[in-house]
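# Descriptive structure summary
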Amino acid sequence: MIWNESYECMGREEMREVQNKRLRTTVEHVYHNSPFYRAKMQELGITPMDIETIDDLVKLPFTIKTDLRDQYPFGLFSVPMSEIVRLHASSGTTGKPIVAGYTRKDLSTWSEVLARTFTSGGCSRNDIFQIAYGYGLFTGGLGAHYGAENIGASVIPISAGNTEKQIQLMTDFGSTVLCCTPSYALYLGEAVEDKGIKDKLKLRVGFFGAEPWTEAMRVEIEKKLNIKAFDIFGLTEVIGPGVSYECYAQNGMHINEDHFLPEIINPVTLEPVAPGEVGELVLTTITKEGMPVIRYRTKDLTRLMYEPCPCGRTSVRMHKIMGRSDDMLIIRGVNVFPTQIESVLMEFGETAPHYHLYVDRENNTDTFDVHVEVRPENFTDDMSSMLNLRKRIEARIQSVVGIHANVKLVEPRSIERSIGKAQRVTDKRNLYKE
Amino acid sequence: MPTIIKQLSIFLENKTGRLTEVTRLLGKSGINLTAFSMSESSDFGIMRVVLSDPETAQKLLISHGFTVTLCDVVCLFVPNTPGTLSEALLILSEHNISVDYMYAFAMDDMARVVIRPSDINRCVEVLQKSNLKLAKASDMYYF
């Protein structure tokens, strides 16, 4: 099902025209209304006159996370506060949070892109949405909430946490759709398994985002909750969830290109990569009023997929997030992304999708330990096959990542579960940093 | 009389208190341990235990988050004299049955040897044909 066929299935040439026009409007808007962007553009010696088409995007300055922090709280807003009707903020794990302001039109854009998302997953007014993303400053809860209301569905604003209650309402209210982080979906799936109530649930579909997850994790969630699990991508700085979404093909997320322009750059040289290559995703908003961002470096690694999609949508797709340029660990001089380790672990049916990476430094050498839970149903009484499993995982990590990891098999459920974004890395070397 | 005995194998991380917790839970539920052995690697171990009520014990431990599997073993009685074990093992090797692991204890005039063979049915068959005495499951489970 398609919510907005005229935009989601627009011809490429026509889309380009829409984008050109909207980009010009956005650049005009920030140049005249955002002292921050005007100064940045002046520094580069450009004016809105220099931006005619989306090919001129590369002339524009990048925006990075620290710019948003430096402008805390409202410095990046491009409209007076009287126009702002909603404020959100990202969970600032270090320092100040990042604040986003929305005008009434921005909120309607947001619920539009989420309506596309949910419709694409086969949802309609006949569905009952259980929104188990956190409500509040985090964009997940309220974002999904208004999107679900927009398609006319019934919404349960339960927010994150309180697993007992989640399961009770899921059963009693007959929720058909679940929205939360993928790690919490997995946690709920385990709880459902424990209670043996999978057959009592009416869940069909889930939309999971706010943290990266792998294909194998999808298989796991789909099996445990007996649903079809869709990935949804977004970030507070750009709008929140809904920048891109998966269709039934579950092969890449369609970017809402009439609102957000994607680029992929090499995070080191900052040059665009060749079409289809992996790099850092950069996004420019072309319809936002409250806080437009120009060439925002997401730090998310992905690649763009230009091939036509069987669902009929013409928009470009982005591959599932492959890692964060931020999360990159440098261990013994080698770049390691936690998602690489996750993918390796998922290849092994004998281990559960719960792991934790420990990096430390002993005698001036980095140590790298990977703790992974064994799956109860795959535990065997045979010591040598257990040791062999460990050895096979270590060999696979070595071949994929290029360094040796000490794999430690741990008991099921011994790795801490999270209801928000999962913390999967402990880098003790940071203690020695100034 | 069935001579195949259900042994519980428990995955244990090498963490202080895990073994204590297993024995505490079993003891509290009135389950008696007949024999057990620990096999360990650097970071985890497998505890193998023959006890009075394997099915109940398995459910109990799983409900407390332990990873447990049941597997089949035999318990052989041999006289506590030099060479008797060797005779029994010779019978197995002559029939091409290998031993994955075993644990034993001898006291007074009898030794009891728990064996996890590669082929349990053939193992029972050849040992019984050779007039060696195997423990009956019922002897092990109930006291």
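We now turn to the structure provided with this report. Keep in mind that what you see is a predicted model, and the values were worked out from it rather than measured. (Residues numbered from 1 in each chain as written. Chains lettered and ligands numbered in written order. Predicted model: local features only at pLDDT ≥ 70, side-chain atom pairs only at ≥ 80, totals over all residues.)

## Quick word on the overall build of chain A
Looking only at helices and strands, chain A has 11 helices and 21 strands in total. Taking the intrachain contacts of chain A between residues at least 6 apart in sequence as the baseline, contacts between residues at least 24 apart amount to 66%. (Helix = DSSP H or I, 4+ residues; strand = E, 2+ residues; numbered from the N terminus. Contact = placed C-beta atoms within 7 Å.)

## Details of the overall build of chain B
The number of helices and strands found in chain B is 5 helices and 7 strands. If you list the helices and strands of chain B from N to C, you get β-α-β-β-α-β-α-β-β-α-β-α. Counting only residues that meet the buried cut, chain B has 27% of its 143 residues in that class. (Buried ≥ 20, exposed ≤ 12 C-beta atoms within 10 Å, placed from the backbone.)

## Remarks on the pairing of strand β2 (residues 33-40) of chain B
Residues and elements named next belong to chain B. Looking at chain direction, β2 and strand β3 (residues 44-51) are connected through 7 bridges and run antiparallel. Looking across to β3, one finds that L33 is bridged to L51. Once β2 ends, the chain turns through 3 residues before running back antiparallel as β3. (Pairing = 2+ DSSP bridges.)

## Some words on the interface of chain A and chain B
Chain A puts 15 residues into the contact, and the matching count from chain B is 14 residues. Secondary structure elements with two or more residues in the side of chain A that touches chain B: α11 (383-401) and β20 (406-410) of chain A. At 3 residues, the largest contribution of residues to the side of chain A that touches chain B is made by β20 of chain A.

## Points about the sheet that holds strand β4 (residues 154-156) of chain A
All names here are of chain A. As summarised here, the arrangement of the 9 strands in space is β4-β3-β5-β6-β7-β8-β9-β14-β13, forming an open sheet in which the pairing is mixed. Strands at the two margins of the open sheet, each flanked by one partner only, are β4 and β13 (304-305). The sheet contact formed by strand β7 (residues 228-235) and strand β8 (residues 240-246) spans 4 bridges and is antiparallel. Across the sheet, residue G234 finds its bridge partner in β8, namely P241.

## A closer look at unusual backbone geometry
All names here are of chain A. Cis peptide bonds are those with omega within 30 degrees of zero, and the linkage from Y72 to P73 qualifies with -5 degrees. Tracing the chain through its elements places P73 in the loop between α4 (65-70) and β1 (84-89). Of note in the backbone geometry, Q250 takes a positive phi value of approximately 50 degrees without being a glycine. Position of Q250 relative to the elements: it lies in the loop between β8 and β9 (253-255).

## A look at the packing of helix α3 (residues 84-94) of chain B against helix α4 (residues 120-129) of chain B
When two helices pack together, their arrangement is given by the angle between their axes and by how far apart the axes lie. All names here are of chain B. Direction vectors running N to C along α3 and α4 enclose 125 degrees, while the axes themselves pass 10 Å from each other. Considering their axes alone, α3 and α4 lie oblique with respect to each other. In the packing of α3 onto α4, the handedness of the crossing is right-handed. Residues A88, I91 and L92 of α3 touch α4, and the partners they reach there are C123, V126 and L127. (Axes fitted to C-alpha atoms, helices over the stretch in contact; angles between N-to-C directions. Parallel < 35°, antiparallel > 145°, perpendicular 65-115°, else oblique. Left-handed = near helix turned anticlockwise from the far one by under 90°.)

## Describing helix α10 (residues 338-347) of chain A
Among the residues making up α10 of chain A, those that are buried are P338, I341, E342, V344, L345 and M346 of chain A. Those residues of α10 of chain A hidden inside the fold are in contact with α9 (215-225), β18 (351-362), β19 (365-374), α11 and β21 (425-427) of chain A.

## With respect to the environment of N126 of chain A
One can find N126 of chain A in the loop between α5 (104-120) and β3 (128-131). A C-alpha to C-alpha distance of 7.7 Å links N126 of chain A and G152 of chain A, two positions 26 residues apart in sequence.

## Some details on the sheet that holds strand β12 (residues 296-302) of chain A
Residues and elements named next belong to chain A. Here 4 strands make up an open sheet; going across it, the order is β10-β11-β12-β15 and the pairing antiparallel. Edge positions in the open sheet fall to β10 (260-265) and β15 (323-324), since each of these has one partner strand only. Pairing geometry for strand β11 (residues 279-285) and β12, over 4 bridges, is antiparallel. Residue L283 lies in a different strand from β12, and its bridge partner there is Y296.

## Comments concerning the pairing of β18 of chain A
Residue and element names in this part refer to chain A. Examined bridge by bridge, β18 and β19 share 9 bridges and lie antiparallel to one another. In the sheet register, Y358 faces β19, and the bridge partner there is D369. Linking β18 back to β19 in an antiparallel pair, the connection comprises 2 residues, with N363 at a positive phi of about 50 degrees. In the sheet, β18 pairs with β21 via 3 bridges, with the strands oriented parallel. Across the sheet, the residue bridging to Y358 is T426, located in β21.

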